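Working through the structure, step by step
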Amino acid sequence: MSTIEHDESSTLDPREARAILDTTQHEARSQIDVRSDLLFLVWGVAWLVGYLSMWWSTRAQDPYTGPPAWAGVVLATGIVLAAGATVVVIARAVSGLSGASSRTGTFYGLTWAVGFLTWQSLMGALADQGVSDEVGGILGAAMPALIVAIIYCASSAVWDEPALFVVGVWLAVAAGVGVWTGPSTVSLVIGSVGGLGFLVGAALARRQRS
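Definitions and cut-offs
Residues numbered from 1 in each chain as written. Predicted model: local features only at pLDDT ≥ 70, side-chain atom pairs only at ≥ 80, totals over all residues. Heavy atoms only, no water. Core = buried A, V, L, I, M, F, W, Y, C linked by side-chain atoms within 4.5 Å. Buried < 20%, exposed > 50% of the residue type's maximum accessible area, 1.4 Å probe, protein only. Helix = DSSP H or I, 4+ residues; strand = E, 2+ residues; numbered from the N terminus. Contact = heavy atoms within 4.5 Å. Axes fitted to C-alpha atoms, helices over the stretch in contact; angles between N-to-C directions. Parallel < 35°, antiparallel > 145°, perpendicular 65-115°, else oblique. Left-handed = near helix turned anticlockwise from the far one by under 90°. Nonpolar A, V, L, I, M, F, W, Y, C, P; charged D, E, K, R; others polar. pLDDT = per-residue confidence, 0-100.

Considerations on the nonpolar core
With 37 residues, the main nonpolar core has Phe40, Trp43, Trp47, Val148, Tyr152, Ile190 and Phe198 as its most contacted residues. Only helix 3 (36-58), helix 4 (69-94), helix 5 (100-128), helix 6 (133-159), helix 7 (162-178) and helix 8 (185-209) provide two or more residues apiece to this core. In contact with Tyr152, not counting residues within four places along its chain, are Phe40, Trp43, Trp112, Leu164, Phe165, Val167, Gly168 and Phe198.

Description of unusual backbone geometry
Of note, the amide linkage connecting Asp62 to Pro63 takes the cis form, showing an omega dihedral of 10°. Positionally, Pro63 belongs in the loop between helix 3 and helix 4.

Some points on the packing of helix 6 against helix 7
Where helix 6 contacts helix 7, the axes come no closer than 7 Å and their chain directions differ by 160°. Judged by the angle between their axes, helix 6 and helix 7 are roughly antiparallel. Relative to helix 7, helix 6 is oriented so that their crossing is left-handed. On helix 7, the residues that touch Ala142, Ala145, Val148, Ala149, Tyr152, Cys153, Ser155, Ser156 and Trp159 of helix 6 are Leu164, Phe165, Val167, Gly168, Val169, Leu171, Ala172 and Ala175. Residue composition of the contact of helix 6 with helix 7, by class: 14 nonpolar, three polar and no charged.

Observations concerning the confidence of the model for the chain
Counting all residues, the mean pLDDT for the chain is 81, and 76% of those residues have values of 70 or more. Of the regions scoring below 50 in pLDDT, residues 4-9 engages in zero contacts with residues more than four places distant in sequence or in other chains. Throughout residues 20-31 the model reports pLDDT below 50, and contacts reaching past four residues in sequence, or to other chains, amount to seven contacts.

What follows is the structure, given as structure tokens:
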């Protein structure tokens, strides 16, 4: 009888278990200081320079034949540098941590690589299948924006950063609207609207930290 009473008294109430879980998650997040304001700023500059280079190089093409190699290199370089900066910032934020927090940072960094490598594979496969220059131009501009938007929206829950979700949705809307404007103008829309979104996100994130 006493054993049964002891077991019942030691059973954790569901509300207490939930409170402990919430506290644990809050403490884990508080240990990870992600400088999203800096990340937004880096991405904003890379975004504006890369996408506006794509638009500038194709703005007078009639018919559209696609951006020259130098414009593609500028955009790819900007994305690689911004993604690399993201991985470095996250790695520093989780340095010294172990267990789930450390794995979260590792998986987050790998997600960027997986997303953009898949994008490159997709574009290569479409080119091999003879997709038109116009379709290739639209997808080539929209896919990076969609990848970043999805990762940002998911990251907002992981890092408890509302600004990430706002910027992610902003980028998704820019891409969704931009694809209707044509293979050249899509880069102008995604570049200018998306770049502005990153800069606004940097200001919001900076304000939250102060």
